[in-house]
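Given next are the chains, with one letter for each unit.
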Amino acid sequence: MDKRSVKIFDSTLRDGAQGHGISFSLEDKIKIVKLLDEMKIDYIEAGNPGSNPKDMEFFKLIKTIDLKHSKVVAFGSTRRPNIKVEDDKNLKDLLSAECDTVVVFGKSWDFQVTDIIKTTLDENLEMIKDTIKYLSDKGKKVIFDAEHFYDGFKANKEYAMSTVKSAEENGAMAVVLCDTNGGMLPEEIASITKFVRSQVDIEIGIHSHNDMGMAVANSIVAVQSGANQVQGTFIGIGERCGNANLSSIIPILKLKLNYNVLGNNELGELTKTARAISEICNITLEDQSPFVGNSAFAHKGGMHIDAVTKSPKSYEHIDPKLVGNKRRFLVSEVSGKSTILQEIRKVFPNISKDDKEVQKITDRLKDLEFEGYQFEGAEGTVELIIRKIIGKYKPFFKLNHFKIIGEQPYNSEEFSSTAVINITVDGQTEMTAAEGEGPVNALDKAIRKALEVFYPELKQTRLVDYKVRVLDSESATEAKVRVLIESTDGIENWSTVGVSRDVIQASWIALVDSIEYKLIKDIQRKLETYF
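Residues numbered from 1 in each chain as written. Predicted model: local features only at pLDDT ≥ 70, side-chain atom pairs only at ≥ 80, totals over all residues. Heavy atoms only, no water.

The chain is annotated in an unreviewed UniProt entry as Citramalate synthase of Clostridium neonatale. Reading the Pathway (unreviewed entry) entry of the UniProt record for the chain gives the comment "Amino-acid biosynthesis; L-isoleucine biosynthesis; 2-oxobutanoate from pyruvate: step 1/3." Under Catalytic activity (unreviewed entry), UniProt gives the following word-for-word description of the chain: "pyruvate + acetyl-CoA + H2O = (3R)-citramalate + CoA + H(+)". (UniProt positions renumbered as here; feature names shortened; annotations may be inferred.)

Here is the structure:
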């Protein structure tokens, strides 16, 4: 294979599912497969058909779905010690998945063979040989995951290499060198991978874990040293500290090193795909995630913003659009008029720096900051302020009143809250109530329940973060508080802020801004689609 071509092997649904707090439904797995197929990921490792009924059901269902590019692969282990390969239940289940390509893992570290699976070194080699030959004879393309390979190579080079050679000689199409414990340094990965590349003629892969924060770096140096398959998970999820993060590795390989990965246009979908998968996983994608994070191309310092405005490459290593992300200028107490002008032009591109509204918006933001607002993480509220001053804002509903009732029953230690809310939309009044885990949660549920009658698209939204900051703690229970909430609709994340001496009112201000921002963005998307 041409070294400049690198295959991407995604294990989000198998290795990623072993991460803390990750649990995929059957529907979740199908959604992720479709997203990865749209990205033209080469291989999707979807699970172990012998481990649970859900994975077995998945492999039945996936046959009915037409994938355009990706190959779904099943995962299993070599046969167990001292039994015939044809009698091994794991291998029977692996075959029942009816995948053209299968992955089997086997031990490459002598310690793992003798002390963990309690067999002989020779028997382990026979297990690798028998399994790969058996599956190859059944017409399967076999990828061999050499588990703990790098640790094994350092402990017993000859034996580790014998496991790889056994896989190659018995029909494996690729061997994947695994840094299973995530304890290797890049220079070790590079030298060992280069040696293996000189000894085998089939495809070599790298499977790295992130226990030292080195998984991305180790994957990159492995490719530079001869590997032409990279395994990982799309947002770095996985057991312990996670797996190599493909949403970082893919753009590095394509944009920085000019390797042939994915297709021609798929990289522009990287951010959207990473955020969609994080949403399905029910985890918040870190703002600081390289390439795809909300802050990956965010600028706050006045000098930085001025420089980026003149020439983006001054503080950006790539154009954000290449990975489907966007540049953000963070509005804060250090922002100048030019920074705020950039924010205004995101909404109203034709506004001039001399327009009187620019100064009005600047002054309004400064006044609100004096009151305790903080806008650097609240772009939703900033846009609404801009629209109100420009005169391009119309409220989506009118609040008539709401009431919060808190209660702690004598026979329970749990404190429950109920919110009753009355709103009007286009002359129609809606009154509803909801229970929640505390007053803010109850209010959030009640306002959404009432508004979904008029705006059903709000069913797609949910809060992903809620922060409360006491601004003047010396005032004790009379202190002013700032509430910052982050919301998502599965397509975009946005943040809004509210400030008050009443935490419920501050939360209400932020909640209303979040809802109105979502409804405005939906209108914009419809217009963009129409035109």
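*Asks:* I'd like a rundown of the overall build of the chain, residues and numbers included.
*Replies:* Along the chain, the regular secondary structure elements total 17 helices and 16 strands. With the C-alpha coordinates of the chain rotated into their principal frame, the extents come out at 75 × 65 × 50 Å. For the chain, the computed accessible surface area is about 24,600 Å², with 49% contributed by carbon and sulfur atoms. Both charge centroids of the chain, one from 70 positive and one from 80 negative side chains, sit 5 Å from each other. (Helix = DSSP H or I, 4+ residues; strand = E, 2+ residues; numbered from the N terminus. Areas by Shrake-Rupley, 256 points an atom, 1.4 Å probe, with all protein chains shown as cover. Lys, Arg positive; Asp, Glu negative; His and termini not counted. Charge placed at Lys NZ, Arg CZ, Asp CG, Glu CD.)

*Asks:* I'd like a description of the pattern of salt bridges, backed by residues and values.
*Replies:* Tallying each qualifying case throughout the model produces 27 salt bridges. K107 is paired through a salt bridge with E147; the nearest N and O atoms lie 2.7 Å apart. Placement of K107 in strand β4 (residues 101-107) and of E147 in strand β5 (residues 141-147) is noted, with a sequence separation of 40 residues between them. The class for K107 is buried, based on a relative accessible area of 12%. Between E168 and K165 there is a salt bridge; the shortest N-O distance is 3.1 Å. (Salt bridge = Lys/Arg side-chain N within 4 Å of Asp/Glu carboxyl O. Buried < 20%, exposed > 50% of the residue type's maximum accessible area, 1.4 Å probe, protein only.)

*Asks:* Describe the domain arrangement of the chain, and please don't skip the residues or the numbers.
*Replies:* Entries for the chain in the domain assignment read domain 1 (7-265), domain 2 (298-390) and domain 3 (398-530). With centres defined by C-alpha atoms, the gap from domain 1 to domain 2 works out at 45 Å. (Domains from an automatic or database assignment.)

*Asks:* Break down the packing of helix α7 (residues 157-169) against helix α8 (residues 186-199) for me, citing the residues and quoting the values.
*Replies:* Interhelical geometry of α7 versus α8 gives an angle of 45° and a closest axis separation of 11 Å. If you check the angle between α7 and α8, you find them oblique. In this structure, α7 crosses over α8, and the sense of that crossing is right-handed. Within the contact between the two elements, α7 uses K157, M161, K165 and E168 and α8 uses F195, V196 and Q199. Among the residues forming the contact of α7 with α8, the class breakdown is 3 nonpolar, 1 polar and 3 charged. (Axes fitted to C-alpha atoms, helices over the stretch in contact; angles between N-to-C directions. Parallel < 35°, antiparallel > 145°, perpendicular 65-115°, else oblique. Left-handed = near helix turned anticlockwise from the far one by under 90°. Contact = heavy atoms within 4.5 Å. Nonpolar A, V, L, I, M, F, W, Y, C, P; charged D, E, K, R; others polar.)

*Asks:* Can you lay out the sheet that holds strand β15 (residues 481-488) for me, pointing to particular residues and giving the numbers?
*Replies:* Read across the open sheet, the 3 strands follow the order β14-β15-β16; overall the sheet is antiparallel. The sheet is open, and its two edges are formed by β14 (462-470) and β16 (493-500), each paired on a single side. This sheet shows a mean twist of 15° between the axes of neighbouring strands, independent of strand direction. One ladder, built from 8 bridges, connects β15 with β16; its direction is antiparallel. Note on β16: the bridge partner recorded for R482 is V499. (Pairing = 2+ DSSP bridges.)

*Asks:* Describe the pairing of strand β6 (residues 174-179), and please don't skip the residues or the numbers.
*Replies:* The buried fraction of β6 is high, at 6 of 6 residues. The side-chain alternation of β6 yields two buried faces, one formed by A174, V176 and C178 and the other by V175, L177 and D179. In terms of strand pairing, β5 meets β6 through 4 bridges, oriented parallel. Its bridge partner lying in β6, D145 is registered against V176. Direction of pairing for β6 relative to strand β7 (residues 203-208): parallel, over a ladder of 6 bridges. Bridge pairing in β7 links L177 to I206. Between β6 and its parallel partner β7, the chain crosses via α8, and the hand of that crossover is right-handed. (Right-handed = clockwise from strand over helix to strand, strands pointing away.)

*Asks:* Tell me about the layout of surface pockets, and name the residues and values.
*Replies:* In this model, the largest pocket occupies a volume close to 1,300 Å³. In terms of lining, the largest pocket is formed by 49 residues, of which the most central are R275, N325, K326, R327 and E492. Breaking the lining of the largest pocket down by element, the ones donating at least two residues are α11 (270-281), α12 (302-310), β10 (328-329), α13 (337-347), α15 (379-390), β15 and α17 (503-530). Residue classes in the lining of the largest pocket are distributed as 16 nonpolar, 14 polar and 19 charged. Among the domains, domain 2 (298-390) and domain 3 (398-530) are the pair contributing at least three residues each to the lining of the largest pocket. (1 Å grid on protein atoms, 1.4 Å probe; cavity = no way out; pocket = protein on both sides within 12 Å on 5 of 7 lines; lining within 4 Å. Points joined across faces, edges and corners; volume = space filled by probe spheres on them.)

*Asks:* Outline the environment of S5, supporting the account with residue identities and numerical values.
*Replies:* Here S5 is to be found in the segment before β1 (7-10). Separated by 218 residues in the primary sequence, S5 and V223 have C-alpha atoms spaced 9.9 Å apart. Discounting residues that sit within four places of it in the chain, S5 has contacts with N228 and N260.

*Asks:* Go over the packing of helix α5 (residues 121-137) against α7 with me, naming the residues and quoting the values.
*Replies:* Following both chains from N to C, one finds α5 and α7 inclined at 20°, their axes separated by 9 Å at the closest point. By the angle between their directions, the pair α5 and α7 is classed as roughly parallel. Crossing handedness for the pair α5 and α7: right-handed. For the pair α5 and α7, the contacting residues are L121, N124, L125, I128, K129 and I132 in the first and Y159, S162, T163, S166 and A167 in the second. Its residues placed into classes, the contact of α5 with α7 shows 6 nonpolar, 4 polar and 1 charged.

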